[in-house]
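Given next are the chains, with one letter for each unit.
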Amino acid sequence: MAVLDILTLPDERLRRVAEPVTVFDEALRAFIADLEETRRSGPAAVGIAATQVDVLKRIVIVDVSGRKNTPNHGYLVLINPEIVHWEGYETAREGCLSVPDYTGNVIRATRIRLTANDPWGRPLELEMEGYEARAVQHEMDHLDGTLFVDRVVSRRTDLFRRKVYQKGGQPKGG
Amino acid sequence: MLTLVGADRPGIVAGVTQAIFAAGGSLGEASMIRLGGNFTIMLMAAVEGGEARLRDALAPVAADMDLRLHIDPVAGGLHQHLIPNVQVRVTGADRAGIVAEITGALAGVGFNILELDSDVAGDPRRPVYLMHIQGYSDQPIEALEAAVAPIRASGIAVDIAPVETLIG
């Protein structure tokens, strides 16, 4: 296993579109082990995409199981992931291993359903919400050359906690 | 740190930044927003020759666009951003003292404000004050809630929530 170098902005290699994985072999699984070791080696990242280590394959890892009170599927390796359904939206703050020392507010779908393959090529179908769904959307963006900085909304664009306002019966935004 | 303020009109940002660029300067972090008909700029800039050179470079555009200019020498360079972990939203019937009370209560428990913006909205006869703060606290949310409880009891809505940053 090895810790791989992480590409950082403005490296143009982060902007390329990754290719689907077609061969599910030991070499793929060895790379996934390296990718996971790389994720764990830096700041507390809940996910990583192959693009971030200059491998143009549609592979992401997400694991939000370390966060309290968060519905999750544990350690997830998603190969050739596709979101087939999404619902709702919410804004929250994100950062990225490839964008050191910057965070910003990003709008993501609240709930998603997705298909993918596991490291042996077996089909997966998952439904997820909230923090885990956000992490998957963030990582999947990398596979299409998109970074969260492309999606940041104004710091003054305030979309937080709208649901709470509605529940509380307090004045709603117009 | 440059501070520029003047009656809002198109072209202020372009005029200011072109003057700095033409003087060989470069820009860092900035906050620019329209406040009550004024356009306000707070801008980090670095230029060879420092304050005097910057003042000379900006004098024509400041005169042309009727901007008031203030310059403070500050330490520059890249730094580690502080990431907010708490947001506070405040709404209530406008009256004097809301900001002082809220920020006083928060400061009392060590809350560090990183961003604050506020607005007055609503009907002119019944104006509403809205404020949005993001900051850093090493205290639990409950401690902040307790600190603002007396203000809430006076009819001001105060919503305190954690801000979590997903690193992916």
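Looking at the overall build of chain B
Secondary structure assignment for chain B yields 4 helices and 9 strands. For chain B, the sequential pattern of α-helices and β-strands runs β-α-β-β-α-β-β-α-β-β-α-β-β. Computed over C-alpha atoms, the radius of gyration of chain B comes to 20 Å, more than 25% over the 15 Å expected from 2.2 N^0.38 for 168 residues, which places it beyond the range of a compact globule. For chain B, the spread of C-alpha atoms along the three principal axes comes to 55 × 45 × 30 Å. By residue count, 20% of the 168 residues in chain B fall in the buried class.

Some details on the overall build of chain A
Helix and strand counts for chain A stand at 3 helices and 6 strands. Listing the helices and strands of chain A from first to last along the sequence gives α-β-β-β-β-β-α-β-α. Long-range contacts, defined as pairs at least 24 residues apart, comprise 65% of the intrachain contacts of chain A with a sequence gap of at least 6.

Points about the interface of chain B and chain A
Taken together, the contact between chain B and chain A spans 17 residues of the former and 27 residues of the latter. Of all elements in the fold, only β5 (86-93), β6 (112-123), β8 (157-162) and β9 (165-167) of chain B reach the threshold of two or more residues within the side of chain B that touches chain A. Along the lines of polarity and charge, the residues of the side of chain B that touches chain A split into 6 nonpolar, 7 polar and 4 charged. Pairing of strand β3 (residues 76-96) of chain A with β9(B) involves 3 bridges; the strand directions are parallel. Looking across to β9(B), one finds that Arg93(A) is bridged to Thr165(B).

Describing the sheet that holds β8(B)
Residue and element names in this part refer to chain B. Across the sheet, which stays open at both edges, the 4 strands sit in the order β6-β7-β5-β8 with antiparallel pairing between neighbours. The open sheet terminates on both sides in strands that have one partner only, identified here as β6 and β8. Each adjacent strand pair in this sheet contributes to an overall mean axis angle of 10°, direction not counted. Here 11 bridges tie β6 to strand β7 (residues 126-136), and the two strands are oriented antiparallel to one another. Paired with aspartate 117 across the strands is histidine 132, a residue of β7. Running at roughly 150° to β5, helix α3 (residues 98-108) makes contact with β5, β6, β7 and β8 of the sheet. Against the sheet, helix α4 (residues 141-153) contacts β5 and β8, and its axis sits at roughly 175° relative to β8.

Observations concerning helix α2 (residues 130-143) of chain A
Note: α-helices contain 3.6 residues per turn, so residues at a spacing of three or four share the same orientation. Residue and element names in this part refer to chain A. Here α2 contains 14 residues, and its C-alpha end-to-end distance of 21 Å stays within 8% of the 20 Å for a straight helix at 1.5 Å per residue. When you tally the buried positions in α2, you get 13 out of 14 residues, the bulk of the element. A positive phi of about 75° marks glycine 145, the residue just after α2.

Quick word on the nonpolar core
Counting residues in hydrophobic clusters, the biggest one holds 37 residues, and the most contacted among them are Val60(A), Val62(A), Leu78(A) and Val136(A). No other element matches the 6 residues that α2(A) contributes to this core. Aside from chain neighbours lying at most four places away, what touches Val136(A) is Val62(A), Leu78(A), Ile112(A), Leu114(A) and Met128(A). With 15 residues, the next largest nonpolar core counts Met131(B), Ile133(B), Val158(B) and Ile160(B) among its residues.

Brief notes about unusual backbone geometry
That bond from Leu9(A) to Pro10(A) is cis: its omega, 5°, falls within 30 degrees of zero. Topologically, Pro10(A) is positioned in the segment before α1 (26-41). The phi dihedral of Asn69(A) is positive, around 50°, even though this residue is not glycine. The topology assignment puts Asn69(A) in the loop between β2 (59-62) and β3. Despite not being glycine, Asp66(B) shows a phi value in the positive range, around 60°. As for its position among the elements, Asp66(B) is in the loop between α2 (50-65) and β4 (68-71).

Describing the sheet that holds strand β1 (residues 2-7) of chain B
All names here are of chain B. If you trace the 4 strands from one edge of the open sheet to the other, you get β2-β3-β1-β4, paired in antiparallel fashion. In this open sheet, the two edge strands, each paired with only one partner strand, are β2 (26-35) and β4. Here the strands of the sheet are splayed against their neighbours by 15° on average, with no regard to which way each runs. Of the pairings in the sheet, the one linking β1 to strand β3 (residues 38-46) comprises 6 bridges and is antiparallel in character. Of the residues in β3, the one forming a bridge with alanine 7 is asparagine 38. Along the sheet face, α2 touches β1, β3 and β4 and points at about 165° away from the line of β4.

Rules used in this analysis
Residues numbered from 1 in each chain as written. Chains lettered and ligands numbered in written order. Predicted model: local features only at pLDDT ≥ 70, side-chain atom pairs only at ≥ 80, totals over all residues. Helix = DSSP H or I, 4+ residues; strand = E, 2+ residues; numbered from the N terminus. Rg over C-alpha atoms; globule rule 2.2 N^0.38 Å. Buried ≥ 20, exposed ≤ 12 C-beta atoms within 10 Å, placed from the backbone. Contact = placed C-beta atoms within 7 Å. Nonpolar A, V, L, I, M, F, W, Y, C, P; charged D, E, K, R; others polar. Pairing = 2+ DSSP bridges. Axes fitted to C-alpha atoms, helices over the stretch in contact; angles between N-to-C directions. Expected span 1.5 Å × (residues − 1). Core = buried A, V, L, I, M, F, W, Y, C linked by C-beta atoms within 7 Å.

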